[in-house]
Every structure is written in structure tokens, then in C-alpha cells.
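# A structural walkthrough
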Amino acid sequence: MYRFLRFPEWKYKAVTLSYDDGVIFDKKLIEILDKYGLKCTFNLNSELYASKTGGRRLTKSEATALYKNSHHEVAIHGAKHFSLAEISTEAMLREIMTDRENLERQFGRIIKGMAYANGSFSDEVVEVLKTCKIKYARTIISTHAFDIPSDWLRLCPTCHHSDKDLYKLTDKFLTYNVSDNFWSNPPRLFYLWGHSFEFNDHNDWETIENFAKKVGNRDDVWYCTNGEVYDYVKAFEKLEYSVNGETIYNGTDKDVYICYYGKNVLVKAGKVLKIK
């Protein structure tokens, strides 16, 4: 399905990160990510902010200052970090919608994504998310792969940053090349997740520094938040093609870059493209 897909400027690879809980160590993490041009989605518990500075969790004002004017995204992690699969439907709804409403008010933007607190989800939870108009939700199930997600409400990352194969996977991702036969090589997405407090508690900030240094600031990689890659892939999916394949219509508000039978083509937002 995604053989034609290319990321902005026809890039073949993309990297996104997802970090949980809204803790003070996110400050250092953001410094590292910004240094190397990476982007992250930070998943917050809006009813668990610290009441005063000095603890492990951010206060509400600290969180606003840290994330609001950054290049990063804010998403839901449950108002109180409850395991959704272990509570009633009513409690699920409150966890999700209260967190969403609080974060939307705090950051002045629509919140559409989340990460499952404690990795807890089920088919029932997914149905509740649909009711709440959540577009994507990250699990903690590692794939060790770089596929474009097919089920955004059961979004599985490539790996956690503590994975023993992190650097092996990083090297594999970076050495992929676009084949002359584009059918054999779909685009690649590296999705890393974790908690920034782990770097502090385990005294291994070099793990994320080394990863960011290796994958960051490259001309052949698109760096995006979870929401940005979701929106872009959905725009690609909405492209309409004529029967003879010579006309493509992009009815979305995003420019979409594709490799159309081996030819790089830009289908501009709201435009019809005639293939010559």
C-alpha cells in the first residue's frame, strides 16, 4: 500500500520518538533532541503534575513552558496514568477525555494522540478511543521493524531505547537504500520510545545522545512527531487516482511526495496533477 509513499522532499526514511509521563528529565532530553534535529511526542498525565518544583514530575507551569513553544508534540497518557484495560468503560472515558480536555486547554491545540499508560490496552479500549476521536495510540510492543503502521490505535514502536539491539537496528535502518526497483523497498520509519527518567536513574544519557547523534541532522531522514507522521500518511492514503493512472488528485491540505512507478512526483495540496 505504501510503495508509492515518500516523506517530504522525497525522503525515504523517517524518525519519530515517544516519551512518557512529563518528568523534569524531559528538559535534558529536549536539549539533546533539539541539538540533533529530532522530534518527539511527549505523553502527559494532566492530573499528576507536581504541586511545586523540585520533584521528579513537572509542575503545570513548567510543562507549559517546556512543551508549548517547542517543535515537539503533546499527547494523552491518561489523566491519572490508570491501566485502561483494568478499569470500567466509564473510567476509561474519564481518563481519556479529561486528559484530552485539560491538555487542549493548557496548550491551545487539538490533542489527537496518546500512549497507553503501563502499555495496557484491549479491543474494548480501542473502541473507546475511537469514540473519543483519538487518532493514534502507542503500545509498548516492539517490532524491531521499520514498517509504516497499519493499525494506528495499536501503534507498535520499533523498540525501547534500552533494547539490546538498539544500535544494530539503528545501523540497519540507516544503511537501507532505495532500490532501482521501487517495488522491493517501501519507505522506512524508526519509532523509538521510553521515559527520560530512565536515563537519569540508570546514569546512561549517552544512550540517547549516541542515538540522536547517529540518526540526527541527516539530509536523507525526515524528523517528525507522531502526529506529523500520522497526518502525512493519512494525506497519502487520501490521494485519488484516475483509472488510467495519469491523473492524481490531492484533496488534503498537505503536499504529498510520491515515487510514482519510479518517478519522483509532488502532488500539491488541493491540486490535480497530470502525469506526463
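Analysis parameters
Residues numbered from 1 in each chain as written. Predicted model: local features only at pLDDT ≥ 70, side-chain atom pairs only at ≥ 80, totals over all residues. Heavy atoms only, no water. Helix = DSSP H or I, 4+ residues; strand = E, 2+ residues; numbered from the N terminus. Rg over C-alpha atoms; globule rule 2.2 N^0.38 Å. Contact = heavy atoms within 4.5 Å. Areas by Shrake-Rupley, 256 points an atom, 1.4 Å probe, with all protein chains shown as cover. Lys, Arg positive; Asp, Glu negative; His and termini not counted. Charge placed at Lys NZ, Arg CZ, Asp CG, Glu CD. Buried < 20%, exposed > 50% of the residue type's maximum accessible area, 1.4 Å probe, protein only. Arc of directions from axis to C-beta. Pairing = 2+ DSSP bridges. Salt bridge = Lys/Arg side-chain N within 4 Å of Asp/Glu carboxyl O. Axes fitted to C-alpha atoms, helices over the stretch in contact; angles between N-to-C directions. Parallel < 35°, antiparallel > 145°, perpendicular 65-115°, else oblique. Nonpolar A, V, L, I, M, F, W, Y, C, P; charged D, E, K, R; others polar. Right-handed = clockwise from strand over helix to strand, strands pointing away.

## Here's the deal with the overall build of the chain
A count of helical and extended segments in the chain gives eight helices and 14 strands. Its C-alpha radius of gyration of 19 Å places the chain within 12% of the 19 Å reference for a compact globule of 276 residues. By principal-axis analysis of the C-alpha atoms, the chain measures approximately 60 × 40 × 30 Å. When contacts within the chain are restricted to residue pairs at least 6 apart in sequence, those whose partners lie at least 24 apart make up 66%. Summing over all exposed atoms, the chain offers an accessible surface of approximately 12800 Å²; the carbon and sulfur share of this is 49%. Here the chain carries 39 positive and 38 negative side-chain charges, and the mean point of each set is 5 Å from the other.

## Topic: helix α7 (residues 205-215)
Taken as a whole, α7 has its buried residues at Trp205, Thr207, Ile208, Phe211, Ala212 and Val215. Summarising the axial view, the buried residues of α7 lie within an arc of 160°, below the 170-degree limit, and thus occupy one face. One or two steps after α7, the chain reaches Asn217, where phi turns positive at roughly 55°.

## So, the side chain of Ser196
Looking at the element boundaries, Ser196 is found in helix α6 (residues 196-201). For Ser196, a relative accessible area of 0% gives the class buried.

## Some points on the sheet that holds strand β11 (residues 247-249)
An order of β10-β11-β14 is seen for the three strands of this open sheet, with the pairing classed as antiparallel. The open sheet is flanked by β10 (240-241) and β14 (272-274), the only strands paired with a single partner. In terms of strand pairing, β10 meets β11 through two bridges, oriented antiparallel. Looking across to β11, one finds that Glu240 is bridged to Tyr249.

## Things to note about the sheet that holds strand β12 (residues 256-260)
Each strand in a sheet pairs with its neighbour through backbone hydrogen bonds, running either in the same direction (parallel) or in the opposite one (antiparallel). An order of β1-β12-β13 is seen for the three strands of this open sheet, with the pairing classed as antiparallel. The sheet terminates laterally at β1 (5-6) and β13 (263-267), the two strands that pair on one side only. Here five bridges tie β12 to β13, and the two strands are oriented antiparallel to one another. Across the sheet, the residue bridging to Tyr260 is Lys263, located in β13.

## Thoughts on the pattern of salt bridges
Within this structure, the stated rule accounts for 20 salt bridges. A salt bridge links Lys80 to Glu47; its shortest N-O distance comes to 3.1 Å. One end of the pair, Lys80, is in the loop between β4 (73-76) and α3 (89-107); the other, Glu47, is in the loop between β3 (40-44) and α2 (60-67), with 33 residues separating them in the sequence. By relative accessible area, Glu47 is classed as partly exposed at 28%.

## Observations regarding the packing of helix α5 (residues 166-175) against α7
Running from N to C, α5 and α7 point in directions that differ by 10°, and their axes come no closer than 11 Å. Judged by the angle between their axes, α5 and α7 are roughly parallel. Contacts between α5 and α7 involve Leu166, Tyr167, Thr170, Asp171 and Leu174 on the former and, on the latter, Glu206, Thr207, Asn210, Phe211, Lys214 and Val215. Residue composition of the contact of α5 with α7, by class: five nonpolar, three polar and three charged.

## Structural notes on the pairing of β3
In terms of burial, β3 is a largely internal element, five of the five residues being buried. Of the two faces of β3, the one lined by Cys40, Phe42 and Leu44 and the one lined by Thr41 and Asn43 are each fully buried. Judged from the four bridges that link them, strand β2 (residues 13-20) and β3 form a sheet pairing that is parallel. Across the sheet, the residue bridging to Leu17 is Cys40, located in β3. Note that β3 and β4 share four bridges and pair parallel. Opposite Thr41, over in β4, you have Glu73 as the bridge partner. Running through α2, the crossover from β3 to the neighbouring parallel element β4 is right-handed.

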